Amino acid sequence: ADSIGRSDHADADLVESYIAHTFGHSHHVTSLFRYSLLAKKGEQMTEPMEAPPSVSETETVYQLAPHLHILPQLHDCRFLIEKIAQTTNQDLLDESETGRLSIHLVTVKGGQVSSCEIDEGLAYLLGLFQSPRSLKEITEYLGEAAGIREFDTRFLQDLLAKEVIIQLAIPSYPSLMSG
């Protein structure tokens, strides 16, 4: 802990930092730990999801669903787990056998963990919803970034229907446009 500037008690973040420092940020052991950490957190989550609201409510606040996590620089952990289960060797996997790093959307729901690779564009869009945001704010921000005056929000209906983003009932939130 001292070598990475932390002298407090061990917690998940400290252990993750230690593993990344020991094996490297791009090592498959680091990916497996990050994936397992989410699985453990998911076992503790039991809140039910509400029906998705309409996208036309542009002043309503939305956020990435709590059962979803964007993990950059992650191996395909399901592949790694299967590979480890098939090996009789007690050593770590050779890095040439572990596959490439990519961005994954990890779902932790009902005691189950799954992930899928997503591209940078979708990761960026979903990342905008990691903090509560209104659709109006998101569309203005994306429209400004893309140089488009009016931005069609209908593509967000699928994200709502599939419970990727959810409606929140909170009175205030930080703005994307400030700072």
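Residues numbered from 1 in each chain as written. Predicted model: local features only at pLDDT ≥ 70, side-chain atom pairs only at ≥ 80, totals over all residues. Heavy atoms only, no water.

**A few points about the overall build of the protein**
- Helices and strands together make up the secondary structure of the protein, namely six helices and six strands.
- Counting from the amino terminus, helix and strand elements in the protein follow one another as α-α-β-β-α-β-β-α-β-α-α-β.
- Of all 179 residues assigned to the protein, the portion counted as buried reaches 35%.
- Partitioning the contacts of the protein with sequence separation of at least 6, the portion at a separation of at least 24 is 69%.
- Just so you have it, the protein exposes about 11,100 Å², and 51% of that area is on carbon and sulfur atoms. (Helix = DSSP H or I, 4+ residues; strand = E, 2+ residues; numbered from the N terminus. Buried < 20%, exposed > 50% of the residue type's maximum accessible area, 1.4 Å probe, protein only. Contact = heavy atoms within 4.5 Å. Areas by Shrake-Rupley, 256 points an atom, 1.4 Å probe, with all protein chains shown as cover.)

**A look at the packing of helix H4 (residues 120-128) against helix H5 (residues 135-146)**
- At a minimum axis separation of 11 Å, H4 and H5 run at an interaxial angle of 140°. One element, H4, and the other, H5, form an angle in the oblique class. Between H4 and H5 lies a crossing of right-handed hand. Residues Tyr124, Leu125 and Leu128 of H4 pack against Ile138, Tyr141 and Leu142 of H5. (Axes fitted to C-alpha atoms, helices over the stretch in contact; angles between N-to-C directions. Parallel < 35°, antiparallel > 145°, perpendicular 65-115°, else oblique. Left-handed = near helix turned anticlockwise from the far one by under 90°.)

**Thoughts on the sheet that holds strand S5 (residues 133-134)**
- Spatial strand order, S5-S1-S6: three strands in an open sheet with antiparallel pairing. Each end of this open sheet is capped by a strand with a single partner; those strands are S5 and strand S6 (165-168).
- Both strand S1 (residues 61-64) and S6 contribute to a ladder of four bridges, which runs antiparallel. When the bridges of S6 are listed, Val61 appears paired with Leu168. (Pairing = 2+ DSSP bridges.)

**Details of the nonpolar core**
- By size, the foremost hydrophobic cluster in this structure holds 22 residues, and its most contacted members are Leu64, Ile70, Leu126, Phe129 and Leu159.
- Looking at this core, the elements that each hand over two or more residues are S1, strand S2 (68-74), strand S3 (102-109), H4, H5, helix H6 (156-161) and S6.
- It is H4 that provides the largest number of residues to this core, a total of four residues.
- The contacts of Leu126, once residues within four sequence positions are left out, are Leu64, Ile70, Leu105, Ile118, Leu159 and Val164.
- Leu32, Tyr35, Leu71 and Cys77 belong to the second largest nonpolar core, which has 10 residues in total. (Core = buried A, V, L, I, M, F, W, Y, C linked by side-chain atoms within 4.5 Å.)

**Brief notes about the pairing of strand S4 (residues 112-118)**
- Note that S3 and S4 share seven bridges and pair antiparallel. Looking at S4, one finds that Leu105 is bridged to Cys116.
- The loop that links S3 with its antiparallel partner S4 comprises two residues; one of these, Gly110, has a positive phi angle of about 60°.

**Details of H4**
- Within H4 the residues assigned to the buried category are Ala123, Leu125, Leu126 and Leu128.
- Where H4 begins, one side-chain oxygen reaches toward the backbone nitrogen of Gly121, 3.1 Å away; that side chain belongs to Asp119. (Polar contact = N/O pair within 3.5 Å; in protein donor to acceptor, adjacent residues only side chain to side chain.)

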